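Structural characterization, general
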Amino acid sequence: MKKLVATAAMLGFMVAVPVQSIGAQAASAPKVSIKDYKGADDIQYAVIAGDKYKAVNEKMKKEAKKAYDYQAAEKTEMALKPIVKFKSASKVSILSVMSETADDAAHGNFTAISYNTINGKEVSLKSVFKSEKAYLNAKKYAKAKVLDNKKKYPLADKKTTIAGHSFYFTSTGGIKVVFDPYEVAPYADGFVTVSIPKSQLK
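What you see is a predicted model; the values in this text were computed from it and never measured.

All right, on to the confidence of the model for the chain then. The predicted coordinates of low-pLDDT regions are not to be read in fine detail. Here the chain averages 83 in pLDDT, while 81% of its residues score no lower than 70. Across residues 1-10, where pLDDT falls below 50, the model places 39 contacts with residues more than four positions away in sequence or in other chains. Throughout residues 19-26 the model reports pLDDT below 50, and contacts reaching past four residues in sequence, or to other chains, amount to 13 contacts.

In this model helix H1 (residues 54-74) runs 30 Å from its N-terminal to its C-terminal C-alpha over 21 residues, within 8% of the 30 Å that 1.5 Å per residue would give. Every buried residue of H1 is accounted for by Val-56, Asn-57, Met-60, Glu-63, Ala-64, Ala-67, Tyr-70 and Gln-71. An end-on view of H1 places all buried positions within 155 degrees of arc, on one side of the element. Turned more than 90 degrees away from the buried face of H1, the exposed residues are Lys-54, Lys-62, Ala-72 and Ala-73. The positive-phi residue at the C-terminal boundary of H1 is Lys-75, with phi of around 55 degrees.

Before going further, it helps to examine the side chain of Thr-160. Following the sequence through the fold, Thr-160 ends up in the loop between helix H2 (132-147) and strand E6 (166-169). Residue Thr-160 is classed as buried on the basis of its relative accessible area, which comes to 6%. If sequence neighbours within four positions are ignored, Thr-160 has contacts with Lys-143, Val-146, Phe-179 and Val-184.

Here we come to H2. Taking 1.5 Å of rise per residue, the 16 residues of H2 would be expected to cover 22 Å, and the 23 Å separating its terminal C-alpha atoms lies within 8% of that figure. Among the residues of H2, Ala-134, Tyr-135, Ala-138, Ala-142 and Val-146 are the ones counted as buried. Buried residues along H2 cover an arc of 95 degrees about the axis, so they all sit on one side. In H2, the exposed residues that point more than 90 degrees away from the buried face are Lys-133 and Lys-140.

This part is about the packing of aromatic side chains. Taken as a whole and assessed by the stated rule, the structure comprises six aromatic pairs. Pairing Tyr-37 with Tyr-45 gives two aromatic rings, centres 6.3 Å apart and planes at 70 degrees, and the pair type is edge-to-face. The same class applies to Tyr-37 and to Tyr-45, which are both buried. Residues Tyr-153 and Phe-179 carry aromatic rings whose centres are separated by 6.4 Å and whose planes lie at 70 degrees to one another, so their mutual orientation is edge-to-face. With Tyr-153 in the loop between H2 and E6 and Phe-179 in strand E7 (residues 175-179), this residue pair connects regions lying 26 residues apart in the sequence.

With that settled, the discussion passes to the pattern of salt bridges. According to the stated counting rule, one finds three salt bridges in the structure shown. The partner of Lys-66 in a salt bridge is Glu-63, with the nearest N and O atoms 3.9 Å apart. Taken together, the residues Lys-66 and Glu-63, both in helix H1 and three residues apart, mark about one turn of the helix. Between Asp-69 and Lys-65 there is a salt bridge, with its nearest N and O atoms 2.6 Å apart.

Here is what the cut-offs are and how they apply
Residues numbered from 1 in each chain as written. Predicted model: local features only at pLDDT ≥ 70, side-chain atom pairs only at ≥ 80, totals over all residues. Heavy atoms only, no water. pLDDT = per-residue confidence, 0-100. Contact = heavy atoms within 4.5 Å. Helix = DSSP H or I, 4+ residues; strand = E, 2+ residues; numbered from the N terminus. Expected span 1.5 Å × (residues − 1). Buried < 20%, exposed > 50% of the residue type's maximum accessible area, 1.4 Å probe, protein only. Arc of directions from axis to C-beta. Phe/Tyr/Trp six-rings, centres within 6.5 Å; stacked < 30°, edge-to-face > 60°. Salt bridge = Lys/Arg side-chain N within 4 Å of Asp/Glu carboxyl O.

So, in structure tokens, the structure goes:
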């Protein structure tokens, strides 16, 4: 997650683990708990059950600490709410939305980050595709999709790309790529995503 700034209005945090990173699949999806940071019910973080998730759990808790400390230092009202977007025996996607309430706060930005739930390191969008060709094809697929739907993506243009963006897994076996505010839609639309089907990941 990028450094918090006074004008930040919404930030996102996401956890994801691809199948190949955990080896043999567990029998069921891990339990995910939502906890308050230091008793503050407006600053929360997710905890994935199991010792193998220790690194990413520490990472998520540190992000909550950053929000908590920032709120105290700037004397502003903040909220950090994690949402479990998807979980299975092999994948977990958690999206946390951070908001700040301040009299002089302008529109800020949000950042969505994909982390490998074993080692806590960032997972790139490109890494979920089976090949370079699949990745390039998916980029073309996504661009065509957003350009063909001006109602949902009114600000999209020929420069729009999913390259370098964050994502989360879905129940259909595909992913949803997250766009930044103003990138393809007005700020008021919040998190705007484009779906990439499972067939495009191969």
